[in-house]
Amino acid sequence: MDLYQRMSDRSMAKLYWIARHCGDFATANDILQALKQRTESEDERPQRCKVAA
């Protein structure tokens with residue numbers, strides 16, 4: 001999964017589409033799980049509010 005962590009969300013989405021299109025559902029599922037873990041970890045981070053000066 002280290003490779004997926006270094007990729008951008010957009011690149012992962014393209015790779016997911018290619019894997020699904022070619023019938024490699026195992027890889028597509030791995031990519032989808034990595035994306036879900038990434039979004040879940042982003043949701044757990046505290047959101048910072050920007051205050052206008």
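Note that the structure is predicted; figures quoted are calculated from it, not measured.

Analysis parameters
- Numbers given for residues are sequential positions, taken from 1 along each chain in its written order.
- Given that this is a predicted model, residues contribute local features only at a pLDDT of at least 70 and side-chain atom pairs are listed and counted only at 80 or more, while totals for whole chains, interfaces and linings are drawn from all residues.
- Calculated side-chain values reflect all of the structure's heavy atoms, with hydrogen atoms and water omitted.
- Secondary structure follows DSSP: runs of H or I at least 4 residues long count as helices, runs of E at least 2 residues long count as strands, and numbering of each begins at the N terminus.
- Only heavy atoms enter the contact rule, under which two residues are in contact if any of them lie within 4.5 Å.
- Each residue carries a pLDDT score, the predictor's own confidence in it, on a scale running from 0 to 100.
- Here, a salt bridge means any Lys or Arg side-chain nitrogen found within 4 Å of an Asp or Glu carboxyl oxygen.
- Only protein chains enter the accessibility calculation, which uses a 1.4 Å probe; a residue is then buried when its area is under 20% of its type maximum, exposed when over 50%, and partly exposed in between.
- Here, the term nonpolar core denotes a set of buried Ala, Val, Leu, Ile, Met, Phe, Trp, Tyr and Cys residues that are joined through side-chain atoms within 4.5 Å.
- For this analysis, a polar contact is any N or O atom pair within 3.5 Å, provided that within protein one partner can donate a hydrogen and the other can accept it, and provided that sequence-adjacent residues contribute only side-chain to side-chain pairs.

Caption draft 1: Examining the environment of Ala19 more closely. By the secondary structure assignment, Ala19 is in helix H2 (residues 9-22). C-alpha separation for the pair Ala19 and Ile31, spaced twelve residues apart in sequence, amounts to 9.1 Å. Not counting the four nearest positions on each side in its chain, Ala19 is found in contact with Asp24, Thr27 and Ala28.

Caption draft 2: Structural view of the confidence of the model for the chain. Scored by pLDDT, the chain comes out at a mean of 81, with 74% of its residues at no less than 70. Mean pLDDT across the elements of the chain ranges from a minimum in helix H1 (residues 2-6), with 75, to a maximum in H2, with 91.

Caption draft 3: View of the pattern of salt bridges. Throughout the structure, instances matching the rule amount to one salt bridge. The partner of Asp9 in a salt bridge is Arg38, with the nearest N and O atoms 2.5 Å apart. Placement of the pair is Asp9 in helix H2 and Arg38 in helix H3 (residues 25-44), with a sequence separation of 29 residues. With a relative accessible area of 39%, Asp9 lands in the partly exposed category.

Caption draft 4: View of the nonpolar core. Formed by Tyr4, Met7, Met12, Ile31, Ala34 and Leu35, the largest nonpolar core amounts to six residues. Top contributing element to this core by residue count: H3, with three residues.

Caption draft 5: Main features of the side chain of Arg38. Looking at Arg38, the relative accessible area reads 17%, which means it is buried. Of note is the side chain of Arg38, whose polar atom sits 2.9 Å from the backbone oxygen of Met7. Leave out the neighbours within four places in its chain, and Arg38 touches Tyr4, Gln5, Met7, Ser8, Asp9 and Met12.

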